[in-house]
Amino acid sequence: MEGVIRIHLSKAFKFIICAVACAWPTLTSAQDVLEQTAPQIDSASQGSQCLALANIIHLAQSNSPEVDVAQSEYGAAVARYDETKSFFRPQLSSFVRTARGDDGLVNSQFSNQFGFRASQRLYDFGDSRLARRAAKSDADASFGLVEQAQFDAAYQAVLDYIAWLEAQALLQVTAERERYFADQRNALSRALKAGEATRSEIAKLDAEIASADSFRLNLNLKRIKAETNIRNTTQSVSLPCASMVDALRSTLVVPISSQSVESLLMNARRQNPKLRSLEDTARSLEHTARRRARERLPAIELVGIASLAGDSEFNNMEFRESLGIDITVPILTGSALTARTAQARARAGKAKAEVASRQRDLQTEVESTYQKLFLLEAQLETYGAVNRARSEELNALQKEFDAGLQTLSELVDAKLKSEAALIETISLKHDLLRAGLTLKYMTGDL
């Protein structure tokens, strides 16, 4: 239908398939940690039955009610386009007519007539052409909204997946903290019996263990929330597969960071489905405004009528036929045509302004997210050095504490600082994934 009906294929994260192939889940220590720090996870769900990211995206799009709504609206828009193609197609209708006054109001009588009327539009000064163009642009705009709904579903599904990965990584850190302080407490308990430790030191470690346990519970809530969101959007009882953040980074971040901001802006203007939909809407309204401005021009049709006609007694029914040209010209409409034209032009102007506003907002969002991505990469590199330094400091203090050269408070403080640096690194890694994902979403590269 002249390019309006397009094949409904969402690009839907083609790049993720490669990532999943390269980073298929290998559950190692993370699974052991979760068995201790989180509700028991069915091992089958983490094997062949778990949801890979590509499956999450596909199921999220397939089960999205917003996508279904957009597809229904697209179907209606395509039907409206099909309707406009009928303007220059032959029309055939039947009619039954009873009338009085064919011979005047005084000596007239009732007459009856029934038959068929065939018509073919010959020329309408571009009315049907503009109607088709407006309907085609409207269908294109509706298709863009379908793509946008699919992008939204995929984007939210991947955000939930990243949140789940982040919670899993932080749970490992928290579990390690609990083990560390538990080991320290056991050692101090033995020292307490020998009179080499104090109860205040034991109490301090108990407080740190309780704090770690509270932090673990909060992380479990975040993990469960992410799992619940994924299950609701995918309508699946399976859990997501545990993938590697570094593999996702090479897929989500590296291709984006290797491009210039100018190329990303160009891609956003050409491929962002919401922007393309607004542009198509503006074109549709512009065609409609031009059509309204031509409504004063006539429509010329070839009309043929074949009927049987007679008086009210149905005594003398005779066959009548006629072939002629109908020219319809509006003469007096009470300013209705002027008002409709003004409304159409106002709507077209508003649509153009919305396109300009969206372009401006998109440019701001792309540039700011692009700069944020490089800032996060720089911070991540910095925190790598911080982690190494904190780890070395902790190891040194641990040896000095074991030798009786450092206090427990100094050791605990070093452990917490080391863990804080590690937590910040994990957060930066996942924020970097979100920034790369957002850029791909805005540039229409999902």
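Note that the coordinates shown come from a computational prediction; the quantities given were computed from them, not determined experimentally. (Residues numbered from 1 in each chain as written. Predicted model: local features only at pLDDT ≥ 70, side-chain atom pairs only at ≥ 80, totals over all residues. Heavy atoms only, no water.)

What follows deals with the overall build of the chain. The helix and strand inventory of the chain stands at 12 helices and four strands. The buried share of the chain, taken over its 446 residues, is 42%. Within the chain, contacts between residues at least 6 apart in sequence are counted, and of these 83% link residues at least 24 apart. (Helix = DSSP H or I, 4+ residues; strand = E, 2+ residues; numbered from the N terminus. Buried < 20%, exposed > 50% of the residue type's maximum accessible area, 1.4 Å probe, protein only. Contact = heavy atoms within 4.5 Å.)

The first and last C-alpha atoms of helix H11 (residues 336-402) sit 93 Å apart over 67 residues, in line with the 99 Å expected at 1.5 Å per residue. Following H11 by one or two positions, Gly404 has its phi on the positive side, about 80 degrees. (Expected span 1.5 Å × (residues − 1).)

This next bit is on the nonpolar core. Soluble globular proteins tend to bury their nonpolar side chains together. The biggest cluster of nonpolar side chains holds 47 residues, and the ones touching the most others in it are Leu53, Ile56, Val366, Leu373, Leu433, Leu437 and Leu439. Secondary-structure elements contributing two or more residues to this core are helix H3 (53-62), helix H5 (127-193), helix H6 (199-234), helix H7 (245-252), helix H9 (261-271), helix H10 (273-293), H11 and helix H12 (408-442). Among the elements that make up this core, the one with the highest residue count is H5 (10 residues). Once you skip the residues sitting within four places of it in the chain, Leu433 turns out to touch Ile162, Val245, Leu248, Arg249, Leu252 and Val253. Counting 14 residues, the second largest nonpolar core, distinct from the first, contains Tyr180, Leu394, Phe401 and Leu408. (Core = buried A, V, L, I, M, F, W, Y, C linked by side-chain atoms within 4.5 Å.)

What follows deals with the pairing of strand E3 (residues 299-311). By the bridge criterion, 12 bridges tie strand E2 (residues 110-123) to E3 in an arrangement that is antiparallel. Following the sheet pairing, Tyr123 is matched in E3 by Ile300. Examined bridge by bridge, E3 and strand E4 (residues 318-328) share 11 bridges and lie antiparallel to one another. Opposite Ile305, over in E4, you have Ser322 as the bridge partner. (Pairing = 2+ DSSP bridges.)

What follows deals with the side chain of Glu419. Its location among the elements puts Glu419 in helix H12. Judged by its relative accessible area of 5%, Glu419 is buried. Excluding its chain neighbours within four sequence positions, the residues that come into contact with Glu419 are Val173 and Arg177.

The grouping of Leu122, Tyr123, Leu302, Leu323, Ile325, Ile327, Val329, Ile331 and Leu332 at the surface amounts to a nonpolar patch, some 1000 Å² of accessible area in total. Sorting the residues of the nonpolar patch by element identifies E2 and E4 as the ones contributing at least two each. A total of three residues in the nonpolar patch trace back to one element, the largest contributor, which is E4. Assignment of secondary structure puts Leu332 in the loop between E4 and H11. (Patch = residues over 30% accessible without salt bridge, like charges linked within 9 Å, V, L, I, M, F, W, Y side chains within 5 Å. Areas by Shrake-Rupley, 256 points an atom, 1.4 Å probe, with all protein chains shown as cover. Salt bridge = Lys/Arg side-chain N within 4 Å of Asp/Glu carboxyl O.)

Attention shifts here to the state of the cysteines. Counted according to the given criterion, the structure contains one disulfide. Note on cysteine connectivity: Cys50 is disulfide-linked to Cys241, with sulfurs 1.9 Å apart. The chirality of the disulfide connecting Cys50 with Cys241 is right-handed, given an S-S dihedral of about 90 degrees. Of this pair, Cys50 sits in the loop between helix H2 (29-37) and H3 while Cys241 sits in the loop between H6 and H7; the two residues are 191 residues apart in sequence, bridging distant segments of the chain. (Disulfide = S-S within 2.5 Å.)

Positionally, Asn272 belongs in the loop between H9 and H10. Note: C-alpha distance between Asn272 and Tyr441 (169 residues apart in sequence) is 7.9 Å. The contact partners of Asn272, leaving out residues within four places of it in the chain, are Gln148, Asn267, Arg358, Leu362, Tyr441, Met442 and Gly444. Among the polar contacts made by the side chain of Asn272, one reaches the main-chain carbonyl oxygen of Met442 at a distance of 2.8 Å. (Polar contact = N/O pair within 3.5 Å; in protein donor to acceptor, adjacent residues only side chain to side chain.)

Right, let's get into the side chain of Arg121. Along the polypeptide, Arg121 turns up in strand E2. A polar contact is formed between the side chain of Arg121 and the side chain of Asp124, at a distance of 2.9 Å. Sequence-distant contacts of Arg121, that is, excluding residues within four places in its chain, are made with Phe87, Phe88, Asp127, Ser128, Ile300 and Glu301.

Before going further, it helps to examine the environment of Ile300. Mapped onto the fold, Ile300 is located in strand E3. Judged by relative accessible area, Ile300 falls into the partly exposed class, the value being 21%. In sequence terms Ile300 and Asp326 are 26 residues apart; their C-alpha atoms lie 5.7 Å from each other.

With that settled, the discussion passes to the packing of H5 against H11. H11 packs onto H5 with a crossing angle of 10 degrees between their chain directions and a minimal axis gap of 14 Å. Relative to H11, the element H5 is oriented roughly parallel. Counting all contacts with H5, which are made through Tyr180, Gln184 and Leu188, the residues of H11 involved are Leu394, Gln398 and Phe401. Of the residues contributing to the contact of H5 with H11, the split by class is four nonpolar, two polar and no charged. (Axes fitted to C-alpha atoms, helices over the stretch in contact; angles between N-to-C directions. Parallel < 35°, antiparallel > 145°, perpendicular 65-115°, else oblique. Nonpolar A, V, L, I, M, F, W, Y, C, P; charged D, E, K, R; others polar.)

We now examine the confidence of the model for the chain. Detail in the predicted coordinates should be disregarded across regions flagged by low pLDDT. Per-residue pLDDT for the chain averages 83, and the proportion of residues at 70 or more is 86%. Per-residue pLDDT stays below 50 along residues 1-48; that stretch engages in 100 contacts with residues further than four places along the chain or on separate chains. (pLDDT = per-residue confidence, 0-100.)

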